[in-house]
Amino acid sequence: MTSDRTRGNKSSEVHGIFQKIAGYYDRMNFLMTLGRHEKWCREVAARVAPAGGGRFLDLATGTGVIALAVARRNPGATVTGVDFSEEMLRRARTKPGADAVRWQHGDAADLPFEDESFDGITEGYLLRNVEDLDRVLREQHRVLKPGGRLVILETCPPSGLVKPVVKWGLRVIVPLLGQVVARDRRSYTYLESSTRAFESPQSIAGALSGLGFTDIGWRKKFFATNVILWATKAN
Ligand SMILES: C[S@@+](CC[C@H](N)C(=O)[O-])C[C@H]1O[C@@H](n2cnc3c(N)ncnc32)[C@H](O)[C@@H]1O
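Residues numbered from 1 in each chain as written. Predicted model: local features only at pLDDT ≥ 70, side-chain atom pairs only at ≥ 80, totals over all residues. Heavy atoms only, no water.

## Quick notes on the site of the ligand
Here is step 1: Taken together, 18 residues lie near the ligand, and Tyr25, Ala60, Asp83, Ala108 and Gly124 sit nearest.
Here is step 2: Measuring from an oxygen atom of the ligand, one finds a side-chain N or O atom of Asp83 at 2.6 Å.
Here is step 3: Within the contact set of the ligand, a nitrogen atom lies 3.0 Å away from a side-chain nitrogen or oxygen of Asp107.
Here is step 4: Coverage of the ligand by the protein amounts to 98% of the 600 Å² it exposes when considered alone.
Here is step 5: Where the shell around the ligand is concerned, the elements lending two or more residues are α1 (9-21) and α2 (25-32).
Here is step 6: Among the residues forming the shell around the ligand, the class breakdown is 9 nonpolar, 7 polar and 2 charged. (Near = heavy atom within 4 Å. Polar contact = N/O pair within 3.5 Å; in protein donor to acceptor, adjacent residues only side chain to side chain. Areas by Shrake-Rupley, 256 points an atom, 1.4 Å probe, with all protein chains shown as cover. Helix = DSSP H or I, 4+ residues; strand = E, 2+ residues; numbered from the N terminus. Nonpolar A, V, L, I, M, F, W, Y, C, P; charged D, E, K, R; others polar.)

## Re the environment of Pro75
Here is step 1: Inspection of the secondary structure assignment puts Pro75 in the loop between α4 (65-73) and β2 (78-83).
Here is step 2: For the pair formed by Pro75 and Gly53, sequence separation is 22 residues and the distance between their alpha carbons is 7.2 Å.

## Digging into the pairing of strand β3 (residues 101-105)
Here is step 1: In terms of strand pairing, β2 meets β3 through 5 bridges, oriented parallel. In the sheet register, Val79 faces β3, and the bridge partner there is Val101.
Here is step 2: As a crossover connection, the stretch from β2 through helix α5 (residues 86-93) into β3 is right-handed. (Pairing = 2+ DSSP bridges. Right-handed = clockwise from strand over helix to strand, strands pointing away.)

Following this line, the structure appears as structure tokens:
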């Protein structure tokens, strides 16, 4: 298991940020997505978990919005929410319906699960925060059963006609909201830089395909600032 001592620089920085902003996370997300985040999480849940049981893993579960949506949608399922921030998990555990989910401390780069353990994996805003994208995706491929579904919610680097407006929003509005709501401008400045520098959906799809995922697709959301991607582990 990755510990504070063995984490790389980026991981330590990300861990520190989420430990600090956990109490403001849901409110900030609501404001930054104008209330759309919960709806996207429900769509992620619908794409990964048709009713009828099974084992599901929500990585980087944070305050648990996706894990809780999966558990609500599929009450017969076993849902595990994993995060490396104890503070984010502490918030998740207090939410209505939290007893239906197993909350577990863990690092997405070194998952504490056997090979082929899960019927489906979800994750919201994990990939742009990790140090080694290939390793994190390989871990997901390893713990997913053949035929299992992976559904990813991520931010998109700004592109197209709205690029200047989105860049301005990320550079000016998001840190300002961070300052006013969370009294923490620096953490939300990181969000701007990590989103701008992150891979496009095409590039994530290429990495998934290289690992042996098939049926890959995605849908952009909210002026292409966010994206939901899905893929299936080949049988
Ligand atoms: C932006 S939050 C997303 C929370 C939730 N998925 C959502 O959609 O609201 C990102 C989460 O990823 C977690 N995280 C980042 N890197 C991680 C890693 N390597 N292993 C486990 N969790 C990680 C952070 O602690 C944080 O809770």
